[in-house]
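# Coordinate inspection notes
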Amino acid sequence: MKTILHFLIALGFLCTSSLFAQTYEVKALVKTNNEPATFYDVLLIGKDTLTSNTDANGYFAINAQTDTYRLEILYFDTVVYEQNLTVNNSIDLGIITLNDETELSEVVIETAKKLTERKADRFVYYVENATASAGGTALDALKTTPGVTITQESIGVTGKNSVMVLIDDKPTYMNQSELMHYLESISANNLSKIEVITTPPAKYQAEGNSGIINIVTKQVKKNSWNATLGGAYQRSRRNTQQYITAFNLQKNKVTLKTSINTGLRRSLINWNNDIYYPDAFWQNENYSDAKNRNISGQLALDYQLTKKWTIGTKLSTYVSKFTDVQPQVTTIFDVKGGNIQQYLKNNATSNHKTYQQIYNLYTEYKLDTLGKKITFDVDYVNYHTPNFNNYTYAKYTPSDEIIANTTHGGINDVAIKIKNLSAKLDAELPTPFADFTAGARFSKSKSNNLLRAFSQNENGEMTYDTNLSNYFEYTENNEALYVSASKKLNEKWSFQAGLRLEATQTEGYSRETNNLHKNDYLKLFPTLYALHQFTDNKSLGFNYSRRIRRPSYESLNPFRTINNEFSYNEGNPFLKPSFTHNFELTFTYKTFDTRIHLSKMDDGVNQASMLNAETKQNNYIWMNYVDEQSIGLTQSYTVKPKAWWTSVNTLYAGYSESNIAISTQKYKGVSGSFYTTNDFTLNGNKTLFLSVSYFQNFGETFQNTKLKPYAKFYATVKYLMLDKKLELGISGTDIFNGREYITQEMYGVSQQFKNIWDMQRVRFSLTYRFGNNHLKTNERQSGNSEELNRM
């Protein structure tokens, strides 16, 4: 409590001192065509950038500290007026008249659009400017993001372990599998950019050992409305359809954003798993024929009460119905290529539904025009996923005749409910000495997990199984305080340092075992950034952060669910969080970007495949599985060989050492990959585009697992019609069907995976965008507008 009290006192002093810095007012009246230039953006650019906009009468006023600035007035992101100013007292610029030719309603300005950008703490991929994501989903956009790796089960960063995925800076509270289904329901047309934040600042939650992937949706331009209608058909081994619609409006003080996405995603995946026991060879052949019907929607409404005060609310909802059929045949040989001893046949069906709603209320108050502001958010998440699994298995002779009394079956009826309530307060406080941010966050989560298990008796009837049924309740509270400061010492050196304090209390209760497990811990998470700018295009930087990865709700659930006679899945309520120290050295020269990272992870959580050579059991159990140290080099190069060709290239090489819980051996491994994405503009009218991407994995050895080299090739053509409002896209994904082969060693048993992920696809999409960028803004003033503007 003393630590928290001292933190709050320091925060209060920081807020108070920053409010009384000496400022001066810069004001003017802006006109165009002898009419007020209403709602133009106004920037005052110095050491910091101060923002404002002209009001309904064309006036603006900005408070600034003593400095030299450049005044810019923008019309839809285009500078239409600029002037240099030295501010050491209040300045009235009088009337600024924009020339007639600066009115842009009839002027088309073509500018180069960024595809990627490297910042001190993150890599930014501009989805809205990328051809590769045309007609695709948010998951498709992630697959084409340099530095992001997507597998069938997880989303990560090249050369690192787990990350936290945010959408507009907010967590989704889904496990990785469910998150990937959700991202397939979001259209890439709704996205602005993807931020890969390898060393997140202190304002972000410390969750995610390797950092954060933040998916940012598009904003609405002032005094405009726009709408989007679209659909896509995708063919792989099964058919997929996706339909999108969106409407956005910004007029005067109101901003409205809406979208609905729906579709049917089908897939056919082969799971081939060979196990080499000392005295037998087991060949497992399994496939998954799955359907996922989904609908997702978003409604966001903001209202500007005054020039300084904005309030808003947002509702996101997601509903899906996932069905799956998984027949499996295991052929048991005495040795590989030898005599068949027996068959095991398993049939499983799954009916999985998901209902999720996220409610958000927020308010933002600008303390001045220097960038000081306070924001307050309240979020509530309601998540419910009923899951009904039915399975049967039996043994067969080498002549494929069923063996008597070997037929077994069962039902797993699972219901998981998660509720989360969180609130956070953030303050941005730039001062002449340094730019400060500070804040606090509180979160309370509760998860109820009910498993009703049934087993088939000798009469073929399903009876309630008290040994496998269970009810598990889990609660987690988290309180956090943070402060961060950034300082530019001179033209060469800049620093940023932050400290986040997080307290966590957890409680897990299993009804059937009457077991109660509690955990309570307080941890500090520092961040540090240092940058030396040799010249405008050459710099050297150093970053450090400490991160945490808390066990998922799924992994903490002690349920044991039966797959067949030789396999089950089981959670672990005694899991501890894992912690990672991340160090990063960066060097940038023009468009070359070199990054060396060093990570040390303790108590990494994983679902281990536990093989027993004697009993032939292959069980999947969650545990604190690994301690790992890794070092890696990432070399990126962005180049424009021609004005119509942009190429982004990334080469990675890494080395790791691991100690895993199920072995005394230290595992050493290397990995390497290369990724290139190339965007081409094929005509002078800029209506025909081509994107070609290639990914080459040179092979990986990590922990007790080896991955053979494989390659992926992607291509997309985009054509704009009807004054660039209608977009036709044709995309090919994993065109040459690159296969991934994995080998795992454990207890003298070798296991090989030869899975076919159904990633070879062709997609046809059609998207129509229309709207109005010049809404009239005659605004009725409220009776207390003067008093409101003084707030």
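Residues numbered from 1 in each chain as written. Predicted model: local features only at pLDDT ≥ 70, side-chain atom pairs only at ≥ 80, totals over all residues. Heavy atoms only, no water.

### Some thoughts on the overall build of the protein
For clarity, the threshold we go by: By the criteria applied, helices consist of DSSP H or I runs no shorter than four residues and strands consist of E runs no shorter than two, each listed in order from the N terminus. This radius of gyration counts C-alpha atoms alone. The globule rule is 2.2 Å times how many residues there are, raised to the power 0.38. Classification of residues uses two cut-offs on accessible area relative to the type maximum, computed with a 1.4 Å probe and protein chains only: under 20% is buried, over 50% is exposed, and between them is partly exposed. A contact between two residues is defined here by any heavy atoms of the two lying within 4.5 Å. Working definition of accessibility: Shrake-Rupley area with a 1.4 Å probe, residue cover restricted to the visible protein chains. Charged-residue counts in this description rest on Lys and Arg as positive and Asp and Glu as negative, His and the chain ends being excluded. The location of each charge is read from NZ of Lys, CZ of Arg, CG of Asp or CD of Glu.
Secondary structure summary: the protein contains five helices and 44 strands in total. Relative to the 2.2 N^0.38 estimate, which gives 28 Å for 791 residues, the radius of gyration of the protein is 29 Å and therefore close to what a compact globule would have. Considering only C-alpha atoms, the protein reaches an extent of 95 × 65 × 55 Å along its principal axes. For the protein, buried positions account for 49% of its 791 residues. Of the contacts formed within the protein by residues at least 6 apart in sequence, a portion of 64% connects residues at least 24 apart. Of the roughly 37500 Å² of accessible surface on the protein, a fraction of 55% belongs to carbon and sulfur atoms. Taking the average place of the 83 positive charges on the side chains of the protein and the average place of its 77 negative ones, the gap between the two points comes to 2 Å.

### With respect to helix α3 (residues 176-183)
Across the eight residues of α3, seven count as buried, placing the element largely inside the fold. Along α3, the positions that sit buried rather than exposed are Gln176, Glu178, Leu179, Met180, His181, Tyr182 and Leu183.

### Details of a positive patch on the surface
Where we set the bar: To count toward a patch, a residue needs a relative accessible area above 30% and no salt bridge. Like charges then connect within 9 Å, nonpolar side chains (Val, Leu, Ile, Met, Phe, Trp, Tyr) within 5 Å. A side-chain nitrogen of Lys or Arg and a carboxyl oxygen of Asp or Glu constitute a salt bridge if their distance falls within 4 Å.
Taken together, the side chains of Lys291, Arg293, Lys321 and Lys353 make up a positively charged region of the molecular surface. Within the secondary structure, Lys291 sits in strand β20 (residues 280-304). Looking at Lys291, the relative accessible area reads 35%, which means it is partly exposed.

### Re the side chain of Thr228
With respect to the helices, strands and loops of the structure, Thr228 is situated in strand β17 (residues 224-235). Classification of Thr228 as buried rests on a relative accessible area of 11%. Residue contacts for Thr228: discarding those within four places in its chain leaves Ile244, Thr245, Ala246, Thr767, Tyr768 and Arg769.

### Quick word on the packing of aromatic side chains
Stated precisely, the cut-off is as follows: Working definition: a ring pair exists when centres of Phe, Tyr or Trp rings (six-membered ring for Trp) sit within 6.5 Å. Plane angles under 30 degrees give stacked, over 60 give edge-to-face, the rest tilted. Both a distance and an angle decide whether a charge sits over a ring: NZ of Lys or CZ of Arg must be within 6 Å of the ring centre and within 35 degrees of the ring normal.
Within this structure, the stated rule accounts for 24 aromatic pairs. Geometrically, the ring pair formed by Phe695 and Tyr710 is tilted, given 6.0 Å between the ring centres and 55° between the ring planes. Here Tyr710 lies in strand β40 (residues 710-721) and Phe695 lies in strand β38 (residues 688-702), a separation of 15 residues in the sequence. Taken together, the aromatic side chains of Trp225, Phe247, Tyr768 and Phe770 make up a single cluster linked through ring pairs. Between the NZ or CZ atom of Lys538 and the centre of the ring of Phe534, over which it lies, the distance is 5.6 Å.

### A short note on the nonpolar core
One recurring pattern in soluble globular proteins: nonpolar side chains tend to sit buried together. Applicable threshold: Residues belong to a common nonpolar core when they are buried Ala, Val, Leu, Ile, Met, Phe, Trp, Tyr or Cys residues joined through side-chain atoms within 4.5 Å.
Counting residues in each nonpolar core, the largest one holds 41 residues, and the members touching the most others are Leu142, Ile155, Leu183 and Ile215. Setting aside residues no more than four positions away along its own chain, Ile155 makes contact with Leu139, Leu142, Val148, Thr149, Ile150, Val163, Val165, Gln176, Leu179, Met180, Leu183 and Ile213. Core analysis: the second largest hydrophobic core is formed by 26 residues, Leu344, Leu468, Tyr667 and Met746 among them.

### As for the sheet that holds strand β16 (residues 212-217)
Rule in force here: Strands pair, by our definition, only if DSSP identifies at least two bridges between them.
With mixed pairing, the six strands of this open sheet are ordered in space as β9-β10-β15-β16-β13-β14. Single-partner strands in this sheet number two, and they are β9 (116-118) and β14 (170-171). Bridge count for strand β13 (residues 164-167) against β14 is two bridges, and the pairing is antiparallel. Paired with Leu166 across the bridge in β14 is Pro171.

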